[in-house]
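Observations on the model geometry
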Amino acid sequence: MIPNGLFTQIASVIVSVGIIITYVRPEFAAIGATQEEIAVYQTEREKISQVNAQLSALVAKMDEVTQEDQRRLNAYIPEYVDEIAVPRDLQFIAEEAGVIFGGAGYEGQLNYTSPELTDEELVYFPYAHSFSMNFQASYEQLKNMLQLLESNEYPLEVHNLTVTSVEGGFLEVQAGLVTYSHLVADEGGEEVEVIN
Amino acid sequence: MPNTPQKSFIPRQGTATKRRQGASRRVYVFTVLCYFLLFSTLIATGAVFIYGRVIDAQLEDEIVALNEAIGVFNQEEMNKVRDFDIRLRQAQFRIDNSVSAASIFTALEAATVRTVQISELTLERMADTEFVLNANVITDGFDSSIFQRGIFERNDVIESVKIENLALGQETTGEGQIIAAGSQVAFTARLGVPLTKVPFIPNQSTPAPVPVTPPVSTEATSTSTDNELSTSSAALPANTITP
């Protein structure tokens, strides 16, 4: 039996409006906010899933690189430059080219970057290290020496070269060479990683 | 008194009881609206309450799923991939900018006339843009100097030519005796050679590289990722490759 007196009807209207205002509307708003939150979580989860999938694909791709190719890469851009091994290699190269090796030494790390790179891309520029060497050679031997430097297993870029004539048709050559490393050791001797 | 004549002009009600008509039920629009509103509100309240719980449960599921997805992510593998990518790009960048210094000498040979001597040559690489050559040139006269300058300017490899420190000298013997006064012209040729003009192109004529030191092993100090790479490379013998 539903009372249908006027007062009851008015009371029911007031109660209905009260419920709508105090519960239904706020709850609707809360549901809306929760739905938005769910959408955000879904979006983020999809992104993370994509990253995970991409990471898995990249790891699989990286694992496909043969050990020989990895070794070549590590040789081309070694983690750290060996300050003794490089002059020794220069001596080997000089002997191979038949020049009179005068000496070689490590000059230090260079603040050398490429103007082509933006600030964000600077991480892709390896650390440059300078070495000096001098030798005496004939002109043909000098060219042969330069070709051997070019075809080395790791870069030995000629950044400075001074050629002067000496007696007997020989040339006195002083060269400044640059090679690169993936990482660099800081001043305290602690090794610092490029990334992170 | 059933036989009492009815003289009154007021009609009297008969004794027979008339059937009483039932009370009319009036339905007001306001009443309908009121109850409609009330029941709608109650139904909506229940629905909102249930849907709210469902949505909350869905949110919790999403949070759990997100945490699981985050848990699957492997930071170590990410670092490994990034490290590998950076090293690859570093190598690629240097390979892209690798040049042949020997080609400069070959180009210089082609751009030098017979009567010209180069007594001293300095070469400097300006970042990854160009080589700047300073050649101390001695010619047997102004004509040769002009001719030489023209050849330098027309050379495909040499992009810029600047003649400096021009001086008229005299040709002497080894003992310092003058052979011909005023017959020698000396100048410094400043030549610009873009790196793009002398790229390093490995080919069959390129000499085999000299066996060199294997890459530095950093097992003791580097990360586990680096260790793996270093270990794998250290296990292989030193070889000879052409980059």
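Procedures and definitions
Going along each chain's sequence as written, the residues are numbered from 1 onward. Going through the entries in the order they are written, you letter the chains from A and number the ligands from 1. Thresholds applied to this predicted model are a pLDDT of at least 70 for local features of residues and 80 or more for the giving and counting of side-chain atom pairs; totals over whole chains, interfaces and linings are not thresholded and use all residues. By convention in this description, side-chain values take in all heavy atoms of the structure and omit both hydrogens and water. A run of H or I in DSSP becomes a helix once it reaches four residues, and a run of E becomes a strand once it reaches two; helices and strands are each numbered from the N terminus. Note on classification: 1.4 Å probe, protein chains only; a residue is buried when its accessible area is under 20% of the maximum for its type, exposed when over 50%, partly exposed between these limits. Two residues form a contact once any of their heavy atoms are found within 4.5 Å. All accessible areas in this document rest on Shrake-Rupley with a 1.4 Å probe, and a residue is counted as covered only by the protein chains that are shown. The predictor attaches a confidence to each residue, called pLDDT, with possible values from 0 through 100. What a helix should span is 1.5 Å times the count of its residues minus one. Grouping buried Ala, Val, Leu, Ile, Met, Phe, Trp, Tyr and Cys residues that are joined through side-chain atoms within 4.5 Å yields what is termed a nonpolar core. Note on definitions: angles span 0 to 180 degrees between N-to-C directions of axes, and those axes are lines fitted to C-alpha atoms, for helices only across the stretch in contact. Helix crossings are classified by the rotation of the near helix relative to the far one: an anticlockwise turn of less than a right angle makes the crossing left-handed, while a clockwise turn makes it right-handed. Three categories are distinguished: nonpolar for Ala, Val, Leu, Ile, Met, Phe, Trp, Tyr, Cys and Pro, charged for Asp, Glu, Lys and Arg, and polar for the others, with Gly belonging to the last. If DSSP finds at least two bridges between two strands, the strands pair. The rule for a salt bridge is simple: a side-chain nitrogen of Lys or Arg has to be within 4 Å of a carboxyl oxygen of Asp or Glu.

This part covers the overall build of chain A. If you tally the helices and strands in chain A, you get four helices and six strands. Seen in sequence order, chain A has helices and strands lined up from the N terminus as α-α-α-β-β-α-β-β-β-β. Looking at chain A as a whole, 41% of its 196 residues qualify as buried. Here the contacts in chain A between residues at least 6 apart in sequence split such that 66% fall between residues at least 24 apart.

A tally of helices and strands in chain B yields five helices and four strands. Start at the N end of chain B and walk to the C end: the helices and strands fall as α-α-α-β-β-α-β-β-α. Within the span of chain B, comprising 243 residues, buried residues form 35% of the whole. Residue pairs in contact within chain B that sit at least 24 positions apart in sequence constitute 62% of those at least 6 positions apart. Entry remark: accessible area of chain B is about 15,400 Å², with carbon and sulfur atoms responsible for 56%.

Turning next to the confidence of the model for chain B. For chain B, per-residue confidence averages 77 on the pLDDT scale, and residues scoring 70 or more make up 67% of the total. Low pLDDT, under 50, characterises residues 217-243 of chain B; the predicted model gives this stretch 57 contacts beyond four residues in sequence or across chains.

The terminal C-alpha atoms of helix α4 (residues 142-154) of chain B, which comprises 13 residues, lie 18 Å apart, in line with the 18 Å expected from a rise of 1.5 Å per residue. Taken as a whole, α4(B) has its buried residues at B:S144, B:S145, B:Q148, B:G150, B:I151 and B:F152.

Time to look at the nonpolar core. Membership of the largest hydrophobic core comes to 52 residues, with the highest contact counts inside it found for A:M145, A:L149, B:F131 and B:L133. Top contributing element to this core by residue count: helix α3 (residues 101-110) of chain B, with six residues. Among all residues touching B:L133, those that are not within four sequence positions of it are B:I104, B:L108, B:L121, B:T122, B:L123, B:A189, B:R190, B:L191 and B:V193. Counting residues in hydrophobic clusters, the runner-up holds 16 residues, among them A:L73, A:Y112, A:L117 and A:V178.

What follows covers the packing of helix α2 (residues 67-76) of chain A against helix α2 (residues 75-96) of chain B. Between α2(A) and α2(B), the shortest axis-to-axis distance is 10 Å and the interhelical angle comes to 65 degrees. Here α2(A) runs over α2(B); the crossing is left-handed. Of the residues in α2(B), those touching α2(A) at A:Q70, A:L73, A:N74 and A:Y76 are B:F84, B:R87, B:L88, B:A91, B:R94 and B:I95. Classifying every residue of the contact of α2(A) with α2(B) by side-chain character gives six nonpolar, two polar and two charged.

Where a strand is regular, its side chains alternate between the two sheet faces. Both strand β3 (residues 157-165) of chain A and strand β4 (residues 171-181) of chain A contribute to a ladder of eight bridges, which runs antiparallel. When the sheet's bridge partners are listed, A:N160 is paired in β4(A) with A:G176. Here β3(A) folds back onto β4(A), and the loop between the two strands holds five residues, one of which, A:G168, carries a positive phi near 85 degrees. Pairing analysis gives five bridges linking β3(A) to strand β1 (residues 117-126) of chain B, with the strands arranged antiparallel. From the neighbouring strand, A:V163 faces β1(B), where its bridge partner is B:L121.

This brings us to the pattern of salt bridges. Summed over all chains, the structure comprises 15 salt bridges over all chains. A salt bridge links A:E27 to B:R53, with the nearest nitrogen and oxygen atoms 3.9 Å apart. In this pair, A:E27 is assigned in helix α1 (residues 6-64) and B:R53 in helix α1 (residues 29-72), connecting two distinct chains. A residue is classified by how much of its surface remains accessible, and A:E27, at 16% relative accessible area, is buried. Here B:R94 makes a salt bridge to B:D128, at a shortest N to O gap of 2.9 Å. One end of the pair, B:R94, is in helix α2; the other, B:D128, is in the loop between β1 and β2 (130-139), and 34 residues separate them in sequence. As far as burial versus exposure is concerned, B:R94 and B:D128 are alike and both buried.

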